[in-house]
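Residue-level structural notes
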Amino acid sequence: MQLSVIEIVVIVVAGFLAGAVNSVAGGGTFFSFPAMLAVGVPPVIANASNAVALWPGSLAGAWAFRRELRRFSTSLPALSAIALVGGIAGGLLLLRTSNERFSALIPWLLLLATLLFAFSGPLSSGMRALLRRPTEREHSLAAPVRHFGVGGYLFQGVVSIYGGFFGAGMGILMIAALAIQGFDDLYEINALKNWLSAVIYSVAVVTFVLADAVLWPHTLVMLVAATLGGYLGAAWARRIPALWLRRFIIGFGALLTAWYFPDAFA
(Lines give C-alpha, C1' and ligand atoms only; values in the text may rest on other atoms or scores of the structure.)
Protein backbone atom coordinates (compact mmCIF):
# COMPACT_ATOMS: atom_id res chain seq x y z
CA MET A 1 0.00 0.00 0.00
CA GLN A 2 1.58 3.26 -1.17
CA LEU A 3 1.41 6.36 1.04
CA SER A 4 0.70 9.85 -0.29
CA VAL A 5 2.88 12.80 0.66
CA ILE A 6 0.12 14.19 2.91
CA GLU A 7 -0.29 10.86 4.68
CA ILE A 8 3.46 10.63 5.26
CA VAL A 9 3.55 14.16 6.72
CA VAL A 10 0.60 13.44 9.04
CA ILE A 11 2.14 10.18 10.27
CA VAL A 12 5.64 11.64 10.71
CA VAL A 13 4.43 14.67 12.70
CA ALA A 14 2.08 12.59 14.87
CA GLY A 15 4.72 9.90 15.42
CA PHE A 16 7.39 12.41 16.41
CA LEU A 17 5.05 14.14 18.87
CA ALA A 18 3.91 10.79 20.29
CA GLY A 19 7.48 9.62 20.86
CA ALA A 20 8.51 12.93 22.43
CA VAL A 21 5.48 13.12 24.73
CA ASN A 22 5.84 9.47 25.77
CA SER A 23 9.47 10.01 26.73
CA VAL A 24 8.56 13.00 28.92
CA ALA A 25 5.13 12.30 30.37
CA GLY A 26 3.27 9.52 28.56
CA GLY A 27 0.08 9.82 26.54
CA GLY A 28 1.64 9.84 23.08
CA THR A 29 -1.17 7.63 21.81
CA PHE A 30 -3.29 10.78 21.97
CA PHE A 31 -1.40 11.94 18.84
CA SER A 32 -0.49 8.73 17.04
CA PHE A 33 -3.71 6.68 17.12
CA PRO A 34 -5.98 9.47 15.74
CA ALA A 35 -3.39 10.08 13.01
CA MET A 36 -3.62 6.46 11.91
CA LEU A 37 -7.40 6.75 11.76
CA ALA A 38 -7.15 10.06 9.88
CA VAL A 39 -5.19 8.46 7.03
CA GLY A 40 -7.78 5.70 6.67
CA VAL A 41 -6.37 2.82 8.71
CA PRO A 42 -9.15 0.62 10.24
CA PRO A 43 -9.42 0.98 14.06
CA VAL A 44 -8.19 -2.48 15.09
CA ILE A 45 -5.23 -2.40 12.70
CA ALA A 46 -4.55 1.23 13.68
CA ASN A 47 -4.33 0.19 17.34
CA ALA A 48 -1.99 -2.70 16.56
CA SER A 49 0.20 -0.62 14.22
CA ASN A 50 0.33 2.20 16.75
CA ALA A 51 1.61 -0.12 19.50
CA VAL A 52 4.35 -1.50 17.26
CA ALA A 53 5.37 1.98 16.09
CA LEU A 54 5.69 3.46 19.60
CA TRP A 55 7.63 0.55 21.13
CA PRO A 56 11.13 1.60 19.93
CA GLY A 57 10.39 5.20 21.03
CA SER A 58 10.09 4.02 24.62
CA LEU A 59 13.39 2.18 24.27
CA ALA A 60 15.02 5.30 22.82
CA GLY A 61 13.71 7.37 25.73
CA ALA A 62 15.06 4.83 28.22
CA TRP A 63 18.45 4.87 26.47
CA ALA A 64 18.58 8.67 26.70
CA PHE A 65 18.03 8.35 30.46
CA ARG A 66 20.36 5.33 30.84
CA ARG A 67 22.49 7.09 33.46
CA GLU A 68 19.48 7.49 35.74
CA LEU A 69 18.21 4.01 34.87
CA ARG A 70 21.43 2.44 36.21
CA ARG A 71 20.48 3.66 39.69
CA PHE A 72 17.69 1.06 39.70
CA SER A 73 20.07 -1.79 38.81
CA THR A 74 19.16 -3.97 41.79
CA SER A 75 15.40 -3.64 41.23
CA LEU A 76 15.26 -3.51 37.44
CA PRO A 77 15.19 -7.29 36.68
CA ALA A 78 12.25 -7.89 39.02
CA LEU A 79 10.44 -4.75 37.83
CA SER A 80 10.92 -5.82 34.19
CA ALA A 81 9.48 -9.27 34.91
CA ILE A 82 6.52 -7.70 36.70
CA ALA A 83 5.93 -5.36 33.74
CA LEU A 84 5.98 -8.29 31.30
CA VAL A 85 3.58 -10.45 33.34
CA GLY A 86 1.35 -7.46 34.11
CA GLY A 87 1.20 -6.50 30.44
CA ILE A 88 0.07 -10.00 29.50
CA ALA A 89 -2.55 -10.02 32.29
CA GLY A 90 -3.84 -6.62 31.22
CA GLY A 91 -4.12 -7.72 27.61
CA LEU A 92 -6.09 -10.82 28.58
CA LEU A 93 -8.35 -8.68 30.79
CA LEU A 94 -9.00 -6.36 27.87
CA LEU A 95 -10.15 -9.27 25.71
CA ARG A 96 -12.79 -10.08 28.36
CA THR A 97 -14.06 -6.48 28.66
CA SER A 98 -16.87 -5.09 26.49
CA ASN A 99 -16.25 -2.00 24.37
CA GLU A 100 -18.91 -0.06 26.28
CA ARG A 101 -17.42 -0.78 29.71
CA PHE A 102 -13.91 -0.07 28.47
CA SER A 103 -14.91 3.32 27.02
CA ALA A 104 -16.61 4.27 30.28
CA LEU A 105 -13.49 3.44 32.34
CA ILE A 106 -10.96 5.41 30.29
CA PRO A 107 -11.53 8.97 31.61
CA TRP A 108 -11.81 7.83 35.23
CA LEU A 109 -8.51 5.97 34.99
CA LEU A 110 -6.82 9.04 33.51
CA LEU A 111 -8.36 11.34 36.12
CA LEU A 112 -7.11 9.09 38.93
CA ALA A 113 -3.58 9.04 37.49
CA THR A 114 -3.47 12.83 37.07
CA LEU A 115 -4.76 13.51 40.59
CA LEU A 116 -2.31 11.02 42.09
CA PHE A 117 0.59 12.76 40.40
CA ALA A 118 -0.65 16.27 41.22
CA PHE A 119 -0.88 15.42 44.92
CA SER A 120 1.96 12.90 45.03
CA GLY A 121 4.17 15.25 47.08
CA PRO A 122 1.82 15.60 50.09
CA LEU A 123 0.75 11.97 49.83
CA SER A 124 4.29 10.57 49.75
CA SER A 125 5.34 12.94 52.58
CA GLY A 126 2.46 11.67 54.69
CA MET A 127 3.35 8.05 53.95
CA ARG A 128 7.03 8.65 54.82
CA ALA A 129 6.02 10.32 58.08
CA LEU A 130 3.77 7.38 58.90
CA LEU A 131 6.45 4.83 58.06
CA ARG A 132 9.40 7.02 59.13
CA ARG A 133 10.92 6.53 55.66
CA PRO A 134 13.38 9.15 54.27
CA THR A 135 13.13 10.37 50.70
CA GLU A 136 15.30 8.91 47.95
CA ARG A 137 17.09 12.27 47.80
CA GLU A 138 18.01 11.97 51.48
CA HIS A 139 19.50 8.55 50.62
CA SER A 140 21.37 9.83 47.56
CA LEU A 141 24.72 10.69 49.16
CA ALA A 142 25.11 7.40 50.98
CA ALA A 143 23.24 5.07 48.63
CA PRO A 144 23.04 6.16 44.94
CA VAL A 145 21.26 2.91 44.02
CA ARG A 146 17.47 3.15 44.32
CA HIS A 147 15.53 0.36 46.03
CA PHE A 148 11.92 -0.85 45.93
CA GLY A 149 10.01 -2.41 48.81
CA VAL A 150 7.37 -5.11 48.49
CA GLY A 151 4.65 -2.46 48.29
CA GLY A 152 6.48 -0.79 45.40
CA TYR A 153 6.59 -4.02 43.40
CA LEU A 154 2.89 -4.64 44.02
CA PHE A 155 2.04 -1.07 43.04
CA GLN A 156 4.05 -1.43 39.83
CA GLY A 157 2.27 -4.71 39.09
CA VAL A 158 -1.08 -2.93 39.18
CA VAL A 159 0.25 -0.20 36.87
CA SER A 160 1.59 -2.84 34.45
CA ILE A 161 -1.79 -4.53 34.28
CA TYR A 162 -3.31 -1.14 33.51
CA GLY A 163 -0.72 -0.63 30.77
CA GLY A 164 -1.60 -3.92 29.13
CA PHE A 165 -5.28 -3.12 29.51
CA PHE A 166 -5.14 0.48 28.25
CA GLY A 167 -1.94 1.95 26.81
CA ALA A 168 -3.05 5.60 26.61
CA GLY A 169 -2.19 7.40 29.82
CA MET A 170 -0.04 4.50 31.04
CA GLY A 171 2.99 6.76 31.38
CA ILE A 172 1.14 9.27 33.55
CA LEU A 173 -0.14 6.53 35.85
CA MET A 174 3.36 5.01 36.08
CA ILE A 175 4.84 8.42 36.94
CA ALA A 176 2.17 8.88 39.60
CA ALA A 177 2.87 5.43 41.07
CA LEU A 178 6.61 6.13 41.34
CA ALA A 179 6.06 9.59 42.81
CA ILE A 180 3.66 8.23 45.44
CA GLN A 181 6.40 5.78 46.49
CA GLY A 182 8.67 8.71 47.31
CA PHE A 183 10.81 8.97 44.16
CA ASP A 184 11.09 12.72 43.62
CA ASP A 185 13.68 12.97 40.81
CA LEU A 186 11.63 13.34 37.62
CA TYR A 187 14.57 12.30 35.44
CA GLU A 188 14.90 9.01 37.33
CA ILE A 189 11.14 8.54 37.17
CA ASN A 190 11.17 9.12 33.40
CA ALA A 191 14.06 6.67 32.93
CA LEU A 192 12.24 3.87 34.72
CA LYS A 193 8.89 4.73 33.15
CA ASN A 194 10.30 4.62 29.61
CA TRP A 195 11.98 1.25 30.17
CA LEU A 196 8.96 -0.42 31.79
CA SER A 197 6.66 1.04 29.12
CA ALA A 198 8.89 -0.55 26.47
CA VAL A 199 8.62 -3.93 28.24
CA ILE A 200 4.82 -3.67 28.38
CA TYR A 201 4.65 -2.58 24.73
CA SER A 202 6.74 -5.63 23.79
CA VAL A 203 3.83 -7.90 24.76
CA ALA A 204 1.55 -6.11 22.31
CA VAL A 205 4.22 -6.06 19.61
CA VAL A 206 4.74 -9.83 19.67
CA THR A 207 0.99 -10.48 19.76
CA PHE A 208 0.10 -8.17 16.88
CA VAL A 209 2.99 -9.15 14.65
CA LEU A 210 2.26 -12.87 15.06
CA ALA A 211 -1.44 -12.17 14.33
CA ASP A 212 -0.47 -10.29 11.14
CA ALA A 213 -2.48 -7.28 12.35
CA VAL A 214 0.10 -4.61 11.45
CA LEU A 215 -0.07 -2.31 8.42
CA TRP A 216 3.65 -2.11 7.78
CA PRO A 217 4.01 0.91 5.40
CA HIS A 218 2.28 3.20 7.92
CA THR A 219 3.92 1.53 10.91
CA LEU A 220 7.49 1.81 9.65
CA VAL A 221 7.14 5.53 8.87
CA MET A 222 5.67 6.25 12.30
CA LEU A 223 8.22 3.96 13.99
CA VAL A 224 11.16 6.00 12.69
CA ALA A 225 9.52 9.32 13.62
CA ALA A 226 8.46 8.12 17.10
CA THR A 227 11.93 6.73 17.86
CA LEU A 228 13.55 10.05 16.95
CA GLY A 229 10.92 11.91 18.97
CA GLY A 230 11.47 9.61 21.95
CA TYR A 231 15.21 10.22 22.03
CA LEU A 232 15.04 13.98 21.44
CA GLY A 233 12.12 14.39 23.86
CA ALA A 234 14.13 12.74 26.63
CA ALA A 235 17.16 14.90 25.81
CA TRP A 236 15.06 18.09 25.82
CA ALA A 237 13.50 17.10 29.15
CA ARG A 238 16.93 17.50 30.78
CA ARG A 239 16.86 21.20 29.91
CA ILE A 240 13.41 21.79 31.39
CA PRO A 241 13.25 22.88 35.07
CA ALA A 242 11.69 20.15 37.22
CA LEU A 243 8.81 22.43 38.29
CA TRP A 244 7.90 23.18 34.66
CA LEU A 245 8.12 19.50 33.78
CA ARG A 246 5.81 18.62 36.69
CA ARG A 247 3.31 21.27 35.59
CA PHE A 248 3.45 20.00 32.01
CA ILE A 249 2.71 16.44 33.15
CA ILE A 250 -0.25 17.55 35.26
CA GLY A 251 -1.58 19.77 32.46
CA PHE A 252 -1.21 17.05 29.86
CA GLY A 253 -2.96 14.58 32.14
CA ALA A 254 -5.83 17.02 32.57
CA LEU A 255 -6.01 17.48 28.79
CA LEU A 256 -6.18 13.74 28.18
CA THR A 257 -8.88 13.37 30.84
CA ALA A 258 -11.01 16.14 29.34
CA TRP A 259 -10.57 14.64 25.87
CA TYR A 260 -11.90 11.23 26.90
CA PHE A 261 -14.63 12.28 29.36
CA PRO A 262 -17.37 12.96 26.76
CA ASP A 263 -17.16 9.28 25.72
CA ALA A 264 -18.02 8.21 29.26
CA PHE A 265 -21.48 9.73 28.97
CA ALA A 266 -22.13 8.96 25.29
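Residues numbered from 1 in each chain as written. Predicted model: local features only at pLDDT ≥ 70, side-chain atom pairs only at ≥ 80, totals over all residues. Heavy atoms only, no water.

**A look at the overall build of the protein**
Helices and strands together make up the secondary structure of the protein, namely 13 helices and zero strands. Counting helices and strands in the order they occur from the N terminus, the protein gives α-α-α-α-α-α-α-α-α-α-α-α-α. When the 266 residues of the protein are sorted by exposure, 48% land in the buried category. Contacts spanning at least 24 positions in sequence make up 84% of the contacts within the protein whose residues lie at least 6 apart. (Helix = DSSP H or I, 4+ residues; strand = E, 2+ residues; numbered from the N terminus. Buried < 20%, exposed > 50% of the residue type's maximum accessible area, 1.4 Å probe, protein only. Contact = heavy atoms within 4.5 Å.)

**Section: the confidence of the model for the protein**
Residue-level pLDDT values for the protein average 78, and 83% of them are 70 or greater. With pLDDT under 50 throughout, residues 131-143 is counted as low confidence; its partners more than four residues away or in other chains account for 13 contacts. (pLDDT = per-residue confidence, 0-100.)

**With respect to the environment of Trp195**
Looking at where Trp195 falls in the secondary structure, it is placed in helix 11 (residues 186-210). Considered as a pair, Trp195 and Trp63 are 132 residues apart in the sequence and their alpha carbons are 8.3 Å apart.

**A look at the pattern of salt bridges**
A full pass over the atoms with the stated rule returns two salt bridges. Arg67 is the partner of Glu68 in a salt bridge, and the nearest nitrogen-oxygen pair spans 3.5 Å. Given the relative accessible area of 3%, Glu68 is considered buried. (Salt bridge = Lys/Arg side-chain N within 4 Å of Asp/Glu carboxyl O.)

**Focus: the packing of helix 3 (residues 43-64) against helix 11**
For any two helices packed against each other, one specifies the inter-axial angle together with the distance between the axes. Between helix 3 and helix 11, the shortest axis-to-axis distance is 8 Å and the interhelical angle comes to 150°. One element, helix 3, and the other, helix 11, form an angle in the roughly antiparallel class. Crossing angle aside, the handedness with which helix 3 passes helix 11 is left-handed. Residue-level contacts link Asn47, Ala48, Ala51, Val52, Leu54, Trp55, Ser58, Leu59, Gly61 and Ala62 of helix 3 to Ala191, Asn194, Trp195, Ser197, Ala198, Tyr201, Ser202, Ala204, Val205, Phe208 and Val209 of helix 11. Residues that form the contact of helix 3 with helix 11 fall into these classes: 15 nonpolar, six polar and no charged. (Axes fitted to C-alpha atoms, helices over the stretch in contact; angles between N-to-C directions. Parallel < 35°, antiparallel > 145°, perpendicular 65-115°, else oblique. Left-handed = near helix turned anticlockwise from the far one by under 90°. Nonpolar A, V, L, I, M, F, W, Y, C, P; charged D, E, K, R; others polar.)

**Observations regarding a nonpolar patch on the surface**
A surface patch of nonpolar side chains, about 340 Å² in accessible area, is lined by Val5, Val9, Val13 and Leu17. Residue placement: Val5 occurs in helix 1 (residues 5-24). (Patch = residues over 30% accessible without salt bridge, like charges linked within 9 Å, V, L, I, M, F, W, Y side chains within 5 Å. Areas by Shrake-Rupley, 256 points an atom, 1.4 Å probe, with all protein chains shown as cover.)

**Remarks on the packing of aromatic side chains**
Enumeration according to the criterion identifies one aromatic pair in this entry. Taking the centre distance of 5.0 Å and the plane angle of 80° together, the rings of Trp108 and Phe261 count as edge-to-face. Here Trp108, found in helix 6 (residues 99-118), pairs with Phe261, found in helix 13 (residues 242-264); they are 153 residues apart in sequence, far enough to count as distant. Seen from the ring of Trp63, Arg66 lies directly overhead, with NZ or CZ sitting 4.2 Å from the centre. (Phe/Tyr/Trp six-rings, centres within 6.5 Å; stacked < 30°, edge-to-face > 60°. Lys NZ or Arg CZ within 6 Å of the ring centre and 35° of its normal.)

**Regarding the nonpolar core**
Counting residues in each nonpolar core, the largest one holds 47 residues, and the members touching the most others are Leu110, Phe117, Phe148, Phe166, Ile189, Leu192 and Leu256. For Ile189, the contacting residues outside a window of four places in its chain are Ile175, Leu178, Ala179 and Phe183. (Core = buried A, V, L, I, M, F, W, Y, C linked by side-chain atoms within 4.5 Å.)

**Observations regarding the environment of Ser160**
Within the element layout of this structure, Ser160 appears in helix 9 (residues 150-165). Look at Ser160 and you get buried, because its relative accessible area is 0%. Setting aside anything within four residues of it in sequence, one finds Ser160 in contact with Ile82, Ala83, Gly86, Gly87 and Ile200.

**With respect to helix 1**
The first and last C-alpha atoms of helix 1 sit 29 Å apart over 20 residues, in line with the 28 Å expected at 1.5 Å per residue. Taken together, the buried positions of helix 1 are Glu7, Ile11, Ala14, Gly15, Ala18, Gly19, Ala20, Val21, Asn22, Ser23 and Val24. (Expected span 1.5 Å × (residues − 1).)

**Some words on the packing of helix 2 (residues 29-38) against helix 3**
The geometry of helix 2 relative to helix 3 is characterised by a closest axis approach of 9 Å and an angle of 135° between their N-to-C directions. One finds that helix 2 runs oblique with respect to helix 3. Taken as a pair, helix 2 and helix 3 cross one another with a handedness that is right-handed. Across from Thr29, Ser32, Phe33, Met36 and Leu37 in helix 2, the residues of helix 3 making contact are Pro43, Ala46, Asn47, Ser49, Asn50 and Leu54. The class makeup of the residues in the contact of helix 2 with helix 3 is six nonpolar, five polar and no charged.

**A closer look at the side chain of Glu188**
Here Glu188 shows up in helix 11. Here the side chain of Glu188 touches Arg71 through a polar contact of 2.5 Å, side chain to side chain. (Polar contact = N/O pair within 3.5 Å; in protein donor to acceptor, adjacent residues only side chain to side chain.)

**So, the environment of Val199**
Secondary-structure assignment places Val199 in helix 11. Residues Val199 and Leu79, 120 residues apart in the sequence, show an inter-C-alpha distance of 9.8 Å.

**Overview of helix 10 (residues 170-180)**
With respect to burial, helix 10 is a largely interior element, 11 of its 11 residues being buried. Burial in helix 10 covers these residues: Met170, Gly171, Ile172, Leu173, Met174, Ile175, Ala176, Ala177, Leu178, Ala179 and Ile180.

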